[in-house]
Every structure is written in C-alpha cells, then in structure tokens.
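Below are the chains, spelled out letter by letter.
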Amino acid sequence: MARHHRADVRPDRGPLSRVPNLVAGPTTGGIILAYETARHLGLASFIAERREDGPGREFRRGFEIGPGHRVLIVDDVLTTGGSVREVIDAVRTRGAEVVGVGMLVDRTGGKVDFGVPFFACIPIDVVSWTPEECPLCEKGVELKVT
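These figures come from a predicted structure and were not determined experimentally.

**A short note on the environment of Ile122**
Positionally, Ile122 belongs in strand β6 (residues 118–123). For Ile122, a relative accessible area of 42% translates into the label partly exposed. Taking the C-alpha atoms as reference points, Ile122 and Gly109, separated by 13 residues in sequence, lie 9.0 Å from one another. Those residues within four positions of Ile122 in sequence are excluded, and the remaining contacts are Leu104, Val105 and Asp106.

**Examining the pairing of strand β1 (residues 22–26)**
Most of β1 sits inside the fold, with 5 of its 5 residues counted as buried. Burial of β1 is two-sided: the residues Leu22, Ala24 and Pro26 facing one way and the residues Val23 and Gly25 facing the other way are all buried. Pairing of β1 with strand β2 (residues 44–50) involves 5 bridges; the strand directions are parallel. Looking at β2, one finds that Leu22 is bridged to Ala44. Following the chain from β1 across helix α1 (residues 29–41) to the adjacent parallel β2, one finds a crossover that is right-handed.

**Examining the side chain of Glu49**
Tracing the sequence through the fold places Glu49 in strand β2. Of note is the side chain of Glu49, whose polar atom sits 3.1 Å from the side chain of Arg60. Looking at Glu49, its side chain comes within polar contact range of the side chain of Arg61, at 2.7 Å. The contacts of Glu49, once residues within four sequence positions are left out, are Thr27, Gly56, Arg57, Glu58, Arg60 and Arg61.

Definitions and limits used
- Residues numbered from 1 in each chain as written.
- Predicted model: local features only at pLDDT ≥ 70, side-chain atom pairs only at ≥ 80, totals over all residues.
- Heavy atoms only, no water.
- Helix = DSSP H or I, 4+ residues; strand = E, 2+ residues; numbered from the N terminus.
- Buried < 20%, exposed > 50% of the residue type's maximum accessible area, 1.4 Å probe, protein only.
- Contact = heavy atoms within 4.5 Å.
- Pairing = 2+ DSSP bridges.
- Right-handed = clockwise from strand over helix to strand, strands pointing away.
- Polar contact = N/O pair within 3.5 Å; in protein donor to acceptor, adjacent residues only side chain to side chain.

See the structure below:
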C-alpha cells in the first residue's frame, strides 16, 4: 500500500505566505479538486454548500471550521469569482483564515483579485459580452447549442 505524506509546503516555497492546514472548495466544481489537493498535501478537505436560507455558502454535514484553521480554497473554473468569494466569506465567518486561492482554469486572465495569494494552473483570457455589446448579436447571428 502506498503511503501518503504531507507535501513540503513552506512559506519560502511558492506564493503562500502561510501554510494551510485545511483545503476547502465550493460545490460542485471544487469538491474533487479540494479532495485531491488536500490528499496530496496530507490535509482534510471541506466543502462549502449553497445556503438553503439565502445567498452565500456555508459549511454543513459536520464540517467544523474555525479559529486556528488556515484554509486554502480551490475550485475548477474561475469566471466571475462569485463562488470563491462566497467560500471566502464562509471561512471568515467561522473565524478561520484564508491563506490562498488555487484554480484549475482562470478564465479572467488574472483580472480577479481575492486579496490573498492566487494561483491558476491554466490562465486564459475569455472575451465575453453583454447582449447589447455582442458583435454577433448585433449581426443577428443565432446562438446554436449543440
């Protein structure tokens, strides 16, 4: 059986100023990445689910998080940053510290700032428009979903 051990994550190696002791991700895209990142680092992974009673996210299902936790937040694809900001709020609401955000794909090309160290495996700049600004909409080109 293979042994898994905590990876060498130190403040002088990489973008994190503080070493995480927990990894969290939003449902649903962040669940697998949070689990695998935590497994690689030898840490626990938590998921932040959408609140049932309003906007935002919360930790349920026995996920206890609080003071003393230094949380690395990971997700699959960054488009606007909304779900990651909700996880950041949920972490801070519990009194824990967010030490960084990691993303598999950053569709903003680095334009979103979470106020903590940020890393994306694949940064790309995807252009998007409102319907009023869209050049294809202006020409009457119909969107076809296949």
